[in-house]
Amino acid sequence: MNLLPRFAVVAALTLGAVSFAPAQAAVLWAGADLRTNGLDAHVGSALLPIPFIGTVGIEAGAATSSAAGGLSEVRAGGTLRDLNLPFTGTDAFLSGGLAYHTAGNTNSGVGIYLEGGLRGPLVGPLGWRASVKTDTKSGLSAGAGLEVRF
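Conventions adopted
Residues numbered from 1 in each chain as written. Predicted model: local features only at pLDDT ≥ 70, side-chain atom pairs only at ≥ 80, totals over all residues. Heavy atoms only, no water. Patch = residues over 30% accessible without salt bridge, like charges linked within 9 Å, V, L, I, M, F, W, Y side chains within 5 Å. Areas by Shrake-Rupley, 256 points an atom, 1.4 Å probe, with all protein chains shown as cover. Salt bridge = Lys/Arg side-chain N within 4 Å of Asp/Glu carboxyl O. Helix = DSSP H or I, 4+ residues; strand = E, 2+ residues; numbered from the N terminus. Pairing = 2+ DSSP bridges. Axes fitted to C-alpha atoms, helices over the stretch in contact; angles between N-to-C directions.

Enquirer: Let's hear about a nonpolar patch on the surface: which residues, and what values?
Expert: On the surface, Leu71, Val74, Leu98, Tyr100, Val110 and Ile112 cluster together into a nonpolar patch covering about 580 Å² of accessible area. Tracing the chain through its elements places tyrosine 100 in strand S5 (residues 90-101).

Enquirer: Kindly report on the sheet that holds strand S3 (residues 54-65), identifying the contributing residues and their values.
Expert: Overall, antiparallel pairing links the 8 strands, which are arranged S1-S2-S3-S4-S5-S6-S7-S8 in a closed barrel. This sheet shows a mean twist of 25° between the axes of neighbouring strands, independent of strand direction.

Enquirer: Give a detailed account of the pattern of salt bridges, specifying residues and quantitative values.
Expert: Applying the stated rule across the entire model yields 15 salt bridges. With its nearest N and O atoms 3.7 Å apart, the salt bridge here joins glutamate 115 to arginine 35. Taken together, the positions of glutamate 115 in strand S6 (residues 109-123) and arginine 35 in strand S1 (residues 28-35) put the pair 80 residues apart, joining distant regions of the chain. Among the salt bridges present, the one from glutamate 147 reaches arginine 149, with a minimum N-O distance of 3.7 Å.

Laid out in structure tokens, this is it:
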């Protein structure tokens, strides 16, 4: 039995799969966005890299709303990041969890949020980020900003 052709096929498939793997999986990240309803900041940490798919992590954030005039939201949740988009140099992310909206906001209390978007490199660990977020208390918003990845 000749193992060389089998080895060549396995090696070619492995190299092909690796080319679609995330290029820059982050362990820690922090960023700030200018959103349609105010300013937003977030920090996160990776928990489990999933080869060829992305990274599962936790993320926390805080937001100010132009309507509330101060801190209007504190949130914590999970995230699936570093979803590689082949041949683009960008990756996607999807986050979700609970958000507490402060009493200064007309929709105070706990809500559920979902956020998704794209990230790409700028210089070194600094990258851009664009996202859309929906929340059961504050509704839909979009934003763009910067993120530092370590």
